[in-house]
Each structure stands twice: as structure tokens, then as C-alpha cells.
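In case you want the letters, here they are:
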Amino acid sequence: MRIIFFKKSCISFKVFLGKFTKNFKMSFREKPLLFLSYFILGSLFIWMCGIPGFLTVENLYILLHRIVHLGLVSIGMTLVIITGGIDLSVGSILALTCSLTGYFQHWGTWYGYIGQGSFIAPEPVILLMILGVGGLVGMLNGFASGIGIPDFAVTLGTMIGIRGAAYAITGGMKTFGLGPMTNNIAKGSIGNVPYVFFVLVMVLIFISVFERKTAMGKSIYAIGENPRVAKLSGISYLKTKMMVYIISGILVGMAGWILAGRLDTGDPKVGVGLELDAIAAVIIGGTNLYGGFGGVEYTIPGVLIIVLARNLMVLYGVSSNVRLIGIALLLLVFLILQRLFRRK
Amino acid sequence: MQDHLCELKGIYKEYAATTALKNVDFHVDGKEICALLGKNGAGKSTLIKIISGVISPTKGEMYFKGKQVKAFNTKNAFEQGISVLYQELHLFPNLTVKENMFAGRLPMKNGIVNYERMKEEAQKILESLHIKIDPDTSAEQLSTVEKQLVSVATAISRKAELFVFDEPSSILSMKELRVFYKSIRKLKEMGKGIIYVTHSLEEIQVIADRVVVLRDGMKVVDDLLKNMKMEDIETSITGKRKKDKVRKIGNAIIKKGKLKVELKNIWFRSVLEDINLKFYENMVYCIYGLEGSGKKILGKILFGDLKPTKGKIKIDGKLIRLKSPSDGIHNGVGYMVDERANEGLLLNKSISDNIILPCFEKVKGKIFLDSKKIDKLVYKRIDEIGIFPPKASIMVNELSGGNQQKVLLGKWLEIGFILVLVDPTRGLDIETNRKVIDLIRKFRKGRVIIVIPSEIEDGLAMSDWIVILHDGKVMKNEEITAKTNKRELLKLAGLEF
Amino acid sequence: MNLEKKTIFSKQIVDNFRSGIDTMIQFKSFFKKYWIIIFFTVLLIFVTITTPFFWSKYNLLGFISLILPFLCISISLTIVMLVGEIDLSVGSTMALTSILVMVMFYGNFWLWLPEATARTVLSSTWDPVMPPLMIIIFILFIGVLIGCFIGFLHAYIGLQGFVASLVMLYLVRGIAMCMSGGKPYHGEFGAGPLEFLSGSIGKFPIAAILIVIISLIFYLFLKYHTLGRSIYATGGDPTTAGLMGINVKRIKVLAYALSGLLAAFAGLWLTGYFGVGDARSFQGYELYAIGMVVLGGTMFKGGHGGIINTLGGVMVFSLLITWLDLLGIEFYTQNMIFGFLIVFILVLNKYTTR
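Remember, predicted model here, so these are calculated numbers, not experimental data. (Residues numbered from 1 in each chain as written. Chains lettered and ligands numbered in written order. Predicted model: local features only at pLDDT ≥ 70, side-chain atom pairs only at ≥ 80, totals over all residues.)

**What about the environment of T101 of chain A?**
Residues and elements named next belong to chain A.
And step 1. Its location among the elements puts T101 in helix α4 (residues 90-105).
And step 2. Placed 58 residues apart in sequence, T101 and S43 show a C-alpha to C-alpha distance of 39 Å.
And step 3. Look past the residues within four positions of T101 in its chain and what remains in contact with it is I126, I130, L178, T182, G256, W257, A260 and G266. (Helix = DSSP H or I, 4+ residues; strand = E, 2+ residues; numbered from the N terminus. Contact = placed C-beta atoms within 7 Å.)

Structure follows, in C-alpha cells:
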């Protein structure tokens, strides 16, 4: 059994690698946007190497964590955008799952130290519960958008509603101190590479294969390209939408759990503006906002660019508000570029 | 010599694969109704598109009211006074009739919109055209013919000089057409020029002053109606001695198979009335009717895109409820539409992706899609149908129109044992037309193929059995033989004056 | 004889049945048209029963003062949705104007440079940078500018409407945060001359007067002005509108400009009323605006709806919010309720118009 699983993962990895390199070969000829984003990534990286404080182990370690955090969310966002939609609620789902991680581990006792008695369930089960919460919110988003309500309206509603729920449930307060397993997985590392980075890579490979080699994956692209043709070919708009939003919700839930573990705090105030970063990462990477084109391979450079750009601004001492403006402007520029280079 | 209202000289229109128009001279004058006839692909729509500014000619000149037309765009044409009425009309569904008629040129009084005067003027124009519609009605609530009439009225109010009607008989019922003709004749009285595109010879006898026939991109006839004989016109349209009898393009004779689909007491709102039909394997059925007859609705019901208000569908003897296209596909029904760009194919995806779209189960491994199975299936289809270039990874939008049609066909052949093909030969040139017909005949083995054509000749050429629909009822349901009389069938469909 | 009686009897039943159905149909269409008034009345009854304090003068004033800004941004959204687009930047525009009001009335316009010196309490005397009227006009102009920019991005560059406004949502809020260093400005004398906004002329509170004036202006504009009619036309069918000589691009920019104008006014008014300028406020207001507009009956597809519809939605929502406030429900819990409520309304809307 384990051998088969191992073989399959090797094959999937080879597929992913093969596709990846094929993308590289194709990209520089056919897709100027992808080329541009890798070029910018490269230049950005080189520029930053010259900045003191960038190439230190501490900084790079933090960057890896940020890449995992944004990466998980952006992967989900990529799928949603390919279907022609958008998920504005990721920040709020992060808040809900992060605060609930703390909440479930402080069940019954509020600020007290956690011990065996305060867990609502064993830690691994709590992880599953958190992923479930993310998935449930995703299901709501998927259902509402699957019956025809514009995605931005649905996820805007969820965005406000879920954050409200996070506050309402936890009373707006943080919970300090989480369980050992949560802390170890979220904070631990092999050498200087965090455990969670490998989680990200696995998710990346999995979703990458999912996109191209499953029926549902093809349906996602079909719906984004032309919903009417997809429907007439027997693809259920509702089911596909629900699938992408559920996946997105679960991935954000994962990111929320990891964040809680890393901060050792359950905090309902996190994630404000996360949706901007995720959308920017996906768009800059090259996935088309209109749908039907793109994929997680495109989002990789996007995530890296956003994380590096933010780091750049921090290293230059730019305040968080200006960072917000910076990312928004970056997104705007790429949106305009994408429009000018649009596929006919 | 007096200038014509609209004149085209030496018009050529060339595309990558074909030449749609070759050296066509065409003119229309005021106070005249000029009928434009020709088969599908003869060049009628191309000519109309040039006149209305949608496309520009490769070579040749166009003059309107004596001045040469330099810029070919719809806005220009519209402003100059050319009004083209297609099946899609330019109406605002959310505004009333009077607001539609005066959109962009609202009558004002003291700086605000004057609704009373708008209503009065609208009333005047509608009455002058004998149109009995209340100007305060919302455009959404109008029937098809009323919408057409309002478009005409709008054009009049904008002082249009040239009116082009593109096959109104294909979307209006007989009763509605009679009403329509009154208004058209009024237009003629007003001194406007009218181009009336149609297939129907019966129609031109009633409405036309002059007849122009296009065939294979060239003008073959241009004369006053009174100087011509019907048979001659028919001949010039098809290019051969036209018989009322039907020639079938058939190959091997396959026997009628088992009963595959049965429709029992199917009703659909007020469109379809008590339809009872049986479909057997190895046969190609042609369901023909005019636009309001419900033929397309019937197709959608068979597929599951629409649910009948009453009635049962039986497939292979079992009662089936089709709630959505995926139910239809599950039961082996494929539905190929006429709008292949919008509703048929994913243009930015490969041939392979398009063909496997309705049938993922067939190419699945245990969890993932098996690329070997996909290739096998796709290349088999490409081979059988003759798609060119025969490479599965090519994007569909890089193929020619005919090949795109073939991909569409291939998509449905895969899962469809019951195929509903809506107008499969629309917009194709003669050669591709014949190839598609051959394919359909070839693939009828083991399948039920139902063709819903827009021209009865195409349907008769590729089918074994004809069903005529008129106003939602089955008028005829019989085998196509050497004795089948096309004119009789058309009469039953309602094309009678 | 018996047979005759039976036939007459059954005919009577059928007639009664038919008239019953007719009445039901009449009732149904009446209900469809005026349901929102009925709903509002029912809600009002609930409110009166549970929180009779609602009818106090103080609360009523607050209620009307809540309606005004909500009405403004709802009209913003209405206009933009009528052309078939959406404007997500209204909340951020309100926040920016809020900061601008405090900054310009209380001190140096360049207060925000450098950020480190931002003060949480401004000077004790109000010290407007320009004559107050000019400041108001300037701030409204900023709103128009933001709207025009979004409209330009959409109509002339080709970005989707909601994307363009989404980007501005972040950009404008970022600018507002920069200007204020993220901390609120409290004016010691409220917002100076704008204080009068919470007062009244005679018996009528200024807010109520403004509500009537603004609703009237835009209602008349949409119904009787060429540009207003062009807005409906563009929403109904942009291609046809282009053919009829309407400059669709300009109309779209106009719609966004008006939206920005109203959002700026809303922010202006609210800041004047409360005397606090905070760049973090008004988050989520775009959702509330969408909720009110959809509840009122204007739809996403464009061309359908109007001011009267929106008024209904605004009234209901304002009543709900005030009621929840009176019940003592916290801000974030309210958010939760409204977030899900609006999603629910959208779903319901989808099912009733199928």
C-alpha cells in the first residue's frame, strides 16, 4: 500500500516537474505575462540581495513562513479565479479559523493555561474541525455563487459576516497558548526550512495535478472559459463552484491553523487585507481574472513577488499603510497590463 | 441616370478558406421591395453584413444616396439611415416602446424630458405604419412580431431610408407575417427602399417587386418579379433542374433498428401540443418547422435543457426524467447547437479538451484522467471524422469553420446514441456541407440522429424520416421516399399564402 | 331538475373559486409591488414592542441621521448598478473624506507629512485651511475624482467595473490611513461649522430635509434628465445605446463620478455629525449599500430599479440597524447578522426571480 502511494507521488511529482519545465519552455515564447512575472521576480530578488538584512537566515526563515501563509491562500484563490469568480472572504475565514483554533483548545477555560482538560477534542481532531469550518464557509460561498449570484457580492457578504462571527464567538479576544502538537508543526523546521513549507509543496503538487488531470479540474477551466458550453456538456455549474470554494476554504483553514500555532495565539483580528495580497499574487502570476486560463504554476511567482515586495518595503522602513498602497498599485499595474495583453 | 438609393459595385469578399462574394453588383431604389434569395452559404448574409457595416468588402465600392461609403461600421450605417433588422433586434428590454423609439433623442421641454410629447409622436409613427401597440408597453412584454414592428417604427422615427429584413419568415408565424407585410408596404409607400431576405418563393410572390438571386457568391438573377417564372427562380437558386422530388444522399441501406426513444403526450406551455413520436435506431430523423413551431424546444426537451409541462419520455423502454443536460448526457443524449462559438465549443481549449468534455467517465483511470485513453479516443474521432489538422492539442479557434463544426460533431458522437443536431450545416460552404451530411449518414448506425434544420432541403437530404411541426403540433410523420413532395411538406409547415 | 340544480351549484363553486383565485392574484401582485412597505410596517411594530425607546426624540434623530448617509451610498450603488456595474469603493471614499474633513478644518493640510507627527487630538481651535464652503466643495470634488478614476479604468482601459472599484477600495483606504497614521482625529469642537448638520431648521432636522432633497434630486435626474435616461439605456443594452448615439463610456464614468460624489457627501456628513475622523471606519459599508439596493429591488444586471426602490431598502435596513443597536447588540455581532442576512437576501432574490 505504502509502495503504491509512494510510486504515485513520485509520478505526480514527475508530472508536476515536467509540466513546470514545459511551462518554462512555452512561457517565454507564448505567454509574455508569465515571462514578465518571472523576470520581475528575478530582478526583485537580485535587487534585494544588495539590501542589508535581506540575506540573513532569520529574514529568509520568516519569508518562508510568509510564503507558506500566502501560498496556501493563493492556491485556493487561483482555482476560484479560474472559474471566473473571486473570493473576498479569505481574510475573514482566516480570522475565524485562527481564533477557533485557540477557542477549541481553551474550551471551557478562558484565559487559563491549557492542559488536557481544555481541549474540546484531541489536537489532530481539532485540526480536522478547523479544516471543516473552512470547508463549510466555502460551501456557503460555493452554493450562493453556484446558483448565480455574482461572486463578489456573495464573498463580500461572507467577508463581513464571518469576521463578525469570529468576533461574536470569541468575544473579540485572543486566546493565548496553544497545544504542543499545533506549536510543533507550525513552528518546527528541518534545518532552516519550516515543516509547513513541505506542506505547501505537497499541496502545490496535489492541486497542480488536480487542475490538469482530473475531470473536476477540467470542469473548472471549462466553467471559467464558457459556462454555457460547460453546462450544455453536462457539467454542473453549482457542483464545480462549490468544489473550488470548499478547497479554498479548507486551504485558508489550514493557513489559519498554522498561523495560530506559529503565533501561539488564537486571534480574530488577523487577515485584514489578506484577500488583496492573494488576488494580487494570482493576477500578477498570470491567471486571468475573466477565467478559463491560468493555474497554480502561474501563482508561484506571484506569491513570491508579493512576499518579496512586502519584505522590500519593510526593509526600507515603509509603514504598513504605505505597504497597502504599494500592493494595491502593483495589482493595478498588472491588471492594466493583463488587459493590454489580453487573449483574443 | 438617376442614382440608386443604395448601390454596390464589383463587391468581393474573401476569407481565408473561401470567397463569399465574387464580383457582385447590387442596387436598391426607394419605393421598391427587392427580394434577396439564395441558399445557405450563397452569400446573402455576407452582402447584408457589408451593407449594414458589420464587415467591409475586400474589393469594390458601395454608394448610399449617391455618396461613397468609406467607413464600414454599424454606427455609421445606422446614422446614414440604413436599418437592418436581424433576429436580434436593437431594443432596450427595460424601457417602454416610446422610450425605445426615442432613445438618444428624447423630446425635451424646458430642459426636462417630455413624456407626453414622446407618447404622441410615438403614437403617430406607429399609426402611420398601421401598428397597433400601446407606446407605454414595456419592451420585454412584446411578442416577437411586435418587437420587429417596434424596431421598424424606431427606424422610421430616425428617418432611416433603407430597410433590410433578414429572414423574418423564419421567426414569425403566418398570421404575424401578414401584419408585418402591411407595415412593409407602408414603408414602400413612404418612399423607403427595402431589401427582403428570404428562402421562401411563396413569400416573394406576395411581397416582392424585384428579385435578386445569389448563388455561390455570385449574382445570377436580377429582374422584376413580373418578368420571371417561379421554376426559373428555383433553378437559379439551386443551380439544377429543381424537382419537387427529393434526392437523398445515402449510402449503405441499414435497416431500422429497435425503438430507442418515445415521446408521449409532450406538452410545453403554449408552444408544444400533445406531441407523440417514436424514434428508432439506425435512422436519421428530420424535424422541420418554422421558427414558432416549437422544433427547437422539442430538441431541448429531448436533451434535458428544458422540462416539458406535461408528458413522458421513454428511452430504451424506461421512463426517464431529464432535469438537466447532464441527465440527458447520462442517458446518451447529445445536443449540438447552431451557435458553435457561443454554445458549442470552448474556443481557447484544445480539440482534445473539447471532445472529452461531456464524457470524462470514459477516459478516467482510477482517480485521474488517463491520458492514453484520452489520446486513443480523441484520435479515433479525429480519424473517423476527418478533422484537419489531425493534432489533438491544437486550439479550436485556430481551425477553420468547417473543422470546428466537425470537432463539435465529434464531441457528441462520443457519448451520444441519441443525437439532436440543430442546424448542423448552417453557414458552411457546399463542400463542407456535403461532408457533414456524409458523416451524419455514416454515423447513424447504432444511433438515433435527429436533425433540426433551418432549410428543409438540407434536412431532407440527410434524413430517412420527416416530421413536420406547425404551431406546436405534428402535421406529418413519415418516411422519406422518392415520392416525398417538398412543396407539400412546406405547406404543412405553414408556408402558405 | 336535480341535474339542473347540480350544474348551477357546481357553476357557483367554480365561479367562487375563480374569483378567489383572482383575488389571490390581485393580492399577490399588490404584495409584490408594495411588499417592502408591508415588511417595514411589520418590522416597525416589532421594534415598538421590544424597544419602545425607539420613539424617543433622541433616538428618532439618530435614526434619521443614520438614514441620510446610508441613503447616499445606496443611491451611489443604485446609479452604478443601473448601468450594470458595481462600486465597491464607497466605504473607503467615506473614510478618506472623513480624514480630510478633520484635517482641513482643524489644521495644516499637510498634517500627514511626516506621519510620525500625527496627533490624535488636534489643536483646540478650529482652523480651516480654506473658507469652509471651499473645503466642502473640495472634498466633494475628491469624491468625484475617485469615481472618475474608477470609471476611466473601467470604460477606457477595459477593466471590469468591480475590479477597478475593488482596487480603489484598497488604494483609497491606504491613502486615508497614511494621512491619519491609522489613528482617529477627534476635534475638540466637533467639526466646527459642520456641527450645524446635527441641528434643525425649525421643527425639521436638517438630516430629514437633506434626505428629501437628495432623493428628489436624483429621482428627478434619473427620470427627467437626458443623462439619467441614458443611464437606464446603457444598463438595458449597451450596444443598442451606443447605436442610438449615447456615449456609453462617458455615461459609465458619470455613474461612477456621481457615486463618488455621494460617498464623499456621506462621509462628510457623518464626520460632521460625530466630530470624529477615523480612517478605519466605514469598513463594510459597501456591502450594506449593496444589501439595501438589492432588497429594494434594483438588480445586478442593469437597467432595472430606481430611487424609490432603494428608499425602501434603506428604510428597512436603517430600522434594522437602529433596532439592533437599541437591543444592545455589539458592532461585530451586527456585522455577522447583516453579512449573513445579505447573503440570504441575495439567495432569496435569485430564487424568486427564477
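And the narrative resumes.
**Here's the deal with the nonpolar core**
One recurring pattern in soluble globular proteins is that nonpolar side chains are buried together.
And step 1. Of all hydrophobic cores here, the largest spans 348 residues; its most connected members are Y196, V420 and I450 of chain B together with V167 of chain C.
And step 2. For this core, the two domains that each supply at least three residues are domain 1 (6-238) and domain 2 (259-493) of chain B. (Core = buried A, V, L, I, M, F, W, Y, C linked by C-beta atoms within 7 Å. Buried ≥ 20, exposed ≤ 12 C-beta atoms within 10 Å, placed from the backbone. Domains from an automatic or database assignment.)

**Some words on the interface of chain A and chain C**
And step 1. Across the contact, 34 residues belong to chain A and 31 residues belong to chain C.
And step 2. Here the residues of the side of chain A that touches chain C are counted per class, giving 24 nonpolar, eight polar and two charged. (Nonpolar A, V, L, I, M, F, W, Y, C, P; charged D, E, K, R; others polar.)

**What to know about the interface of chain B and chain C**
And step 1. Listed by partner, the interface residues are 14 residues for chain B and 17 residues for chain C.
And step 2. Only α2 (74-80) and β8 (112-113) of chain B provide two or more residues apiece to the side of chain B that touches chain C.
And step 3. Among the elements that take part in the side of chain B that touches chain C, α2 of chain B stands out by supplying three residues, more than any other.
And step 4. When its residues are assigned to classes, the side of chain B that touches chain C shows nine nonpolar, four polar and one charged.

**Notes on the packing of helix α6 (residues 206-224) of chain C against helix α11 (residues 307-326) of chain C**
All names here are of chain C.
And step 1. Between α6 and α11, the shortest axis-to-axis distance is 10 Å and the interhelical angle comes to 150°. In this structure, α6 contributes S215, F218, Y219 and L222 to the contact, and α11 contributes I307, I308 and L311.
And step 2. The class makeup of the residues in the contact of α6 with α11 is six nonpolar, one polar and no charged. (Axes fitted to C-alpha atoms, helices over the stretch in contact; angles between N-to-C directions.)

**Description of the sheet that holds strand β1 (residues 6-14) of chain B**
Residues and elements named next belong to chain B.
And step 1. Within the open sheet, the four strands sit side by side as β2-β1-β4-β5. Their pairing is antiparallel. A strand with exactly one partner marks an edge of an open sheet, and here the two such strands are β2 (19-28) and β5 (67-68).
And step 2. In the sheet, β1 pairs with β2 via six bridges, with the strands oriented antiparallel. Within β2, the position partnered with I11 by the bridge is V24.
And step 3. In the packing of helix α1 (residues 44-51) onto the sheet, the strands contacted are β1, β2 and β4 (59-64), and the crossing angle to β2 comes to about 60°. (Pairing = 2+ DSSP bridges.)

**Thoughts on the pairing of strand β19 (residues 418-422) of chain B**
Residue and element names in this part refer to chain B.
And step 1. Among the five residues of β19, five are classified as buried, and the element is accordingly described as predominantly covered.
And step 2. Side-chain alternation along β19 places I418, V420 and V422 on one buried face and L419 and L421 on a second face that is also buried.
And step 3. As paired elements, strand β18 (residues 333-336) and β19 share four bridges and run parallel to each other. Looking across to β19, one finds that G334 is bridged to L419.
And step 4. For β19 and strand β20 (residues 448-452), the ladder comprises five bridges, and the chain directions are parallel. If you follow V422 over to β20, its bridge partner there is I452.

**Overview of helix α5 (residues 144-157) of chain B**
Residue and element names in this part refer to chain B.
And step 1. Helix length check: α5 (14 residues) gives 20 Å between terminal C-alpha atoms against 20 Å at 1.5 Å per residue, within 8%.
And step 2. The buried fraction of α5 is high, at eleven of 14 residues.
And step 3. Buried residues of α5: V145, K147, Q148, L149, V150, S151, V152, A153, T154, A155 and I156, and no others.
And step 4. Residue K159 follows α5 closely and has a positive phi angle near 60°. (Expected span 1.5 Å × (residues − 1).)

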